[in-house]
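# Structural features, examined
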Amino acid sequence: DVDSVFLGNPFPFLEKSIKRRDMLVMYSPRQDQLGPINSGFIYFSPTKKSKILLRSYENVCLIKRQSDQQLWNHLLRHYMFQQIEYRILPRNMFFILWESATKYGYSTNVTLVLHSASDKKS
């Protein structure tokens, strides 16, 4: 996502964490259709299931009338994708700058990826 900044090298952690999973995702602190996955940072393993998910996402994007984040969450909730193995990345390492950085655990010593997000769109 263009509003994400790498503050460190996340790839050693990602490569270790992706084992036996199809995707790693950022957490969205929402309880509605826009959560729990934030589409600001998604890391995929090239598994058969993730490839099918990506093709499905690509096809649905052509007709979408919702945000990409809502679309990701909708697809992952669909019964056809219940076998997708994903992990929500540690929030202090893959941080969404939502309201208060210190309130949610941002640390210059720990945070690898910083994603600036807002529910106020212009």
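Check the secondary structure of the chain and you find 3 helices and 6 strands. Counted from the first residue to the last, the chain has its helices and strands arranged as β-α-β-β-α-α-β-β-β. Split into buried and exposed, the 122 residues of the chain put 39% on the buried side. Intrachain contacts of the chain at a sequence separation of at least 6 include 62% that bridge at least 24 residues.

On to the nonpolar core, then. A general trend in soluble globular proteins is that nonpolar side chains are found buried together. Core analysis: the biggest nonpolar cluster contains 13 residues, and Leu14, Phe41, Leu89 and Phe94 have the highest contact counts within it. Sorting the residues of this core by element identifies helix H1 (11-17), strand S2 (23-27), strand S3 (37-44) and strand S5 (94-97) as the ones contributing at least two each. If we ignore the near neighbours within four places in the chain, the residues touching phenylalanine 41 are Phe6, Leu14, Leu24, Val25, Met26, Leu89, Phe94 and Val113. Grouped together as the second largest cluster of nonpolar side chains are 12 residues, Met23, Ile42, Leu53 and Tyr57 included.

Here we take up the sheet that holds S2. The strands that make up a sheet are held in pairs by hydrogen bonds between backbone atoms, and each pair lies either parallel or antiparallel. Read across the open sheet, the 3 strands follow the order S3-S2-S4; overall the sheet is mixed. Looking at which strands have only one partner, the edges of the open sheet turn out to be S3 and strand S4 (86-88). Taken over all neighbouring pairs, the strand axes of this sheet differ in orientation by 25° on average, direction set aside. Pairing of S2 with S4 involves 3 bridges; the strand directions are parallel. What sits directly across from leucine 24, in S4, is arginine 87. The sheet contacts of helix H3 (residues 68-77) involve S2 and S3, and relative to S3 the element is tilted by about 65°.

Reading the values: the criteria
Residues numbered from 1 in each chain as written. Predicted model: local features only at pLDDT ≥ 70, side-chain atom pairs only at ≥ 80, totals over all residues. Heavy atoms only, no water. Helix = DSSP H or I, 4+ residues; strand = E, 2+ residues; numbered from the N terminus. Buried < 20%, exposed > 50% of the residue type's maximum accessible area, 1.4 Å probe, protein only. Contact = heavy atoms within 4.5 Å. Core = buried A, V, L, I, M, F, W, Y, C linked by side-chain atoms within 4.5 Å. Pairing = 2+ DSSP bridges. Axes fitted to C-alpha atoms, helices over the stretch in contact; angles between N-to-C directions.

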